[in-house]
Amino acid sequence: MKILHVVETARGGCGSYLNEILPQQLALLGPAQLRCLAPRQHLDQLDRLPPELLRDFDRPSRARGLPQLARALRRTVRDWQPDLIHAHSTFAGAITRTLSLLQPLPPIVYCPHGWVFDVPLPAPLGGIARLTERWLAGRSARIVAISQAERQLALQAGIPDERLTVVRNGVARDVDAAVADWPDTRLRLLFVGRLDRQKGADTLLEAVAPLQRSVCLRIVGERVHAGGRPLPTLPHVSYTGWLTQAQVAAQIAACDAVVMPSRWEGFGLVAVEAMRAAKPVLASAVGGLQEIVLDRQTGQLFPPDQPLTLRRLLAGLDREQLRQQGLAGRERFEQHYTSQRTHEELMRLYAEVLGRPLARTSADALPGAPEGRA
């Protein structure tokens, strides 16, 4: 089967997702059967993919990039003729499925990576977003929800259950990365993500502002969307900008805890990356994070958008307790969140959508795999 992945932005979670899944699809299917259409400006984020797999389009900004994405998608479908399109996130999903109204396209698997209507929007816009996603669901052969929380939001929006399949995100069991240099005797906290309202970096900065004696914070990431207030400069906070996947893994290996103060979150891949490294996760009790983090077992949950509550939590952290929670998180990761499982479930889904047999893999051993089906 020839699979075309389409992504409108490869910054942050989408890039990490593709870096985890596509190398495994490449190993199974071969380079002739796989392509990824992504913004030219973001190709550096897809550092685990060979260049021959990549097709690009110009994205100087989101508004100016969407027409370029539509044109590049039409050209790629015409020239390469994929059997299935896997569209990632809201805008790639909207462009791909809308284009299917204008011309014949192969079956479309759509993964929202967090529903747009989960974002706090004015009532009319939220309603329009739900109606649009419900209408476009009919143009999807299947919709991949990355958590049970995302599936429940879809059902509440009126998206038919038969269109939905839950395939949880995952990362490779082990990563070859050195430990980043971080010589500090204070508690080392790490934030990884876009510096936009969703991820709550502003909440975290307000929480740590008076804790200079006991904690230091390192922030990995940059803004994706223009606007918003500039983040403060604090003596115990450092900013790295965007890093490669291996560099992020090195930062996680060096920290004492990963903090995820998101206001909303469909899944939260950084939490899984932290658990892989046996690091505890301090996360907002929102969306998929509530499924990943077991409160006071593999980390701690706290209410979103409440910096004073988060400050009290951070001020009371104990290193030995964090170490034990990190070890418990590694066990939970092994059981539920490896990218091998994600890969196998996606390949099974592709085969079902196309009505084709798939080369035998360890997916045969997964719960729920029908007898004899790969």
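Residues numbered from 1 in each chain as written. Predicted model: local features only at pLDDT ≥ 70, side-chain atom pairs only at ≥ 80, totals over all residues. Heavy atoms only, no water.

Novice: Can you walk me through the overall build of the chain in this structure?
Specialist: A tally of helices and strands in the chain yields twelve helices and 13 strands. The C-alpha atoms of the chain give a radius of gyration of 20 Å, which matches the 21 Å a tight globule of 374 residues would have. For the chain, the C-alpha atoms occupy an extent of roughly 60 × 45 × 40 Å along the three principal directions. For the chain, the residues scored as buried account for 56% of the 374 residues in total. For the chain, the accessible surface area stands at approximately 16,000 Å², while carbon and sulfur atoms represent 51% of it. Within the chain, the 37 negative side-chain charges are centred at a point lying 4 Å from the centre of the 46 positive side-chain charges. (Helix = DSSP H or I, 4+ residues; strand = E, 2+ residues; numbered from the N terminus. Rg over C-alpha atoms; globule rule 2.2 N^0.38 Å. Buried < 20%, exposed > 50% of the residue type's maximum accessible area, 1.4 Å probe, protein only. Areas by Shrake-Rupley, 256 points an atom, 1.4 Å probe, with all protein chains shown as cover. Lys, Arg positive; Asp, Glu negative; His and termini not counted. Charge placed at Lys NZ, Arg CZ, Asp CG, Glu CD.)

Novice: Help me understand unusual backbone geometry in this model?
Specialist: Note on backbone geometry: most residues besides glycine have negative phi, and most peptide bonds are trans. Phi at Gln81 is positive, roughly 55°, even though this residue is not glycine. Taking the relative accessible area as the measure of exposure, Gln81 reaches 55% and is therefore exposed. Despite not being glycine, His113 has its phi angle at roughly 55°, a positive value. On the secondary structure map, His113 appears in the loop between β5 (108-111) and α4 (123-136).

Novice: I tried to follow the sheet that holds strand β6 (residues 142-145) on my own but got confused; where do I start?
Specialist: Sheets are built from strands paired through backbone hydrogen bonds, the pairs being either parallel or antiparallel. Taking strand neighbours across the sheet as the criterion, the seven strands line up as β3-β2-β1-β4-β5-β6-β7 in an open arrangement whose pairing is parallel. Looking at which strands have only one partner, the edges of the open sheet turn out to be β3 (54-57) and β7 (164-166). The sheet shows a mean angle of 20° between the axes of neighbouring strands, direction not considered. Note: β5 against β6, two bridges, orientation parallel. Note that in β6 the partner of Val109 across the bridge is Arg142. Of the strands in this sheet, β6 and β7 are in contact with helix α5 (residues 148-156), which crosses β7 at around 165°. (Pairing = 2+ DSSP bridges. Axes fitted to C-alpha atoms, helices over the stretch in contact; angles between N-to-C directions. Contact = heavy atoms within 4.5 Å.)

Novice: Would you explain the packing of aromatic side chains in this entry?
Specialist: Aromatic ring pairs: the centre-centre distance and the angle between the two ring planes describe each pair. According to the stated counting rule, one finds three aromatic pairs in the structure shown. On the basis of an interplanar angle of 70° and a centroid distance of 6.2 Å, the ring pair of Tyr110 and Trp115 is categorised as edge-to-face. Ring geometry for Trp115 against Phe117: centres 5.1 Å apart, planes inclined by 10°, an arrangement best described as stacked. Among the aromatic side chains, those forming a connected cluster through ring pairs are Tyr110, Trp115 and Phe117. Over the aromatic face of Trp182 sits the side chain of Arg218, whose NZ or CZ is 4.2 Å from the ring centroid. (Phe/Tyr/Trp six-rings, centres within 6.5 Å; stacked < 30°, edge-to-face > 60°. Lys NZ or Arg CZ within 6 Å of the ring centre and 35° of its normal.)

Novice: For this particular structure, what's the right way to read the environment of Thr96?
Specialist: Here Thr96 lies in helix α3 (residues 90-102). Separated by 195 residues in the primary sequence, Thr96 and Glu291 place their C-alpha atoms 30 Å from one another. Beyond its immediate chain neighbours, meaning those up to four positions away, Thr96 contacts Val6, Leu73, Ile85, Ala87, Leu105 and Ile108.

Novice: Hey, could you run me through helix α2 (residues 62-80) in this one?
Specialist: Residues spaced three or four apart along an α-helix face the same direction, because each turn holds 3.6 residues. Spanning 19 residues, α2 covers 25 Å between terminal C-alpha atoms, matching the ideal 27 Å at 1.5 Å per step. Of all the residues in α2, the buried ones are Gly65, Leu66, Leu69, Ala72, Leu73, Thr76, Val77 and Trp80. Along the axis of α2, the buried residues cluster in a sector spanning 135°; they form a single face. Opposite the buried face of α2, at more than 90 degrees from it, the exposed residues are Arg64, Arg78 and Asp79. The inward-facing, buried residues of α2 abut β1 (3-7), β2 (34-39), β3, β4 (84-88) and α3. (Expected span 1.5 Å × (residues − 1). Arc of directions from axis to C-beta.)

Novice: Any chance you could explain the packing of helix α6 (residues 201-208) against helix α10 (residues 307-315) here in plain terms?
Specialist: For any two helices packed against each other, one specifies the inter-axial angle together with the distance between the axes. For the pair α6 and α10, the least separation of the axes is 8 Å and the interaxial angle reads 55°. Between α6 and α10, the angle is such that the two are oblique. Seen along the crossing, α6 lies across α10 with a hand that is right-handed. Residues Thr203, Leu204, Glu206, Ala207 and Val208 of α6 form the contact with α10, whose own contacting residues are Pro307, Leu310, Arg311 and Leu314. Class assignment for the residues of the contact of α6 with α10 results in six nonpolar, one polar and two charged. (Parallel < 35°, antiparallel > 145°, perpendicular 65-115°, else oblique. Left-handed = near helix turned anticlockwise from the far one by under 90°. Nonpolar A, V, L, I, M, F, W, Y, C, P; charged D, E, K, R; others polar.)

Novice: So what exactly am I meant to see when it comes to the layout of surface pockets here?
Specialist: Over the atoms rolls a probe the size of a water molecule, and its path tells where empty space is left. Of the pockets and cavities examined, the second largest pocket occupies roughly 190 Å³. For the second largest pocket, the full set of lining residues is Thr90, Ala94, Arg97, Tyr110, Val116, Leu121, Leu125, Ile128, Ala129, Thr132, Glu133 and Leu136. Elements with a minimum of two residues in the lining of the second largest pocket: α3 and α4. When residues in the lining of the second largest pocket are grouped by element, the largest group, six residues, is from α4. Among the residues forming the lining of the second largest pocket, the class breakdown is eight nonpolar, two polar and two charged. (1 Å grid on protein atoms, 1.4 Å probe; cavity = no way out; pocket = protein on both sides within 12 Å on 5 of 7 lines; lining within 4 Å. Points joined across faces, edges and corners; volume = space filled by probe spheres on them.)

Novice: Sorry if this is basic, but what is going on with the pattern of salt bridges here?
Specialist: Opposite charge on two side chains allows them to pair when their charged atoms are near. Scanning all chains against the criterion turns up 23 salt bridges. Here Asp58 makes a salt bridge to Arg40, at a shortest N to O gap of 4.0 Å. With Asp58 in the loop between β3 and α2 and Arg40 in the loop between β2 and β3, the pair connects residues that are 18 residues apart, well separated along the chain. A relative accessible area of 27% means that Asp58 is categorised as partly exposed. A salt bridge links Arg97 to Glu133, with the nearest nitrogen and oxygen atoms 3.0 Å apart. Here Glu133 lies in helix α4 and Arg97 lies in helix α3, a separation of 36 residues in the sequence. Neither residue differs from the other here; Arg97 and Glu133 are each classed as buried. Three or more residues are tied together by salt bridges with common partners; here these are Arg173, Asp174, Arg330 and Glu334. (Salt bridge = Lys/Arg side-chain N within 4 Å of Asp/Glu carboxyl O.)

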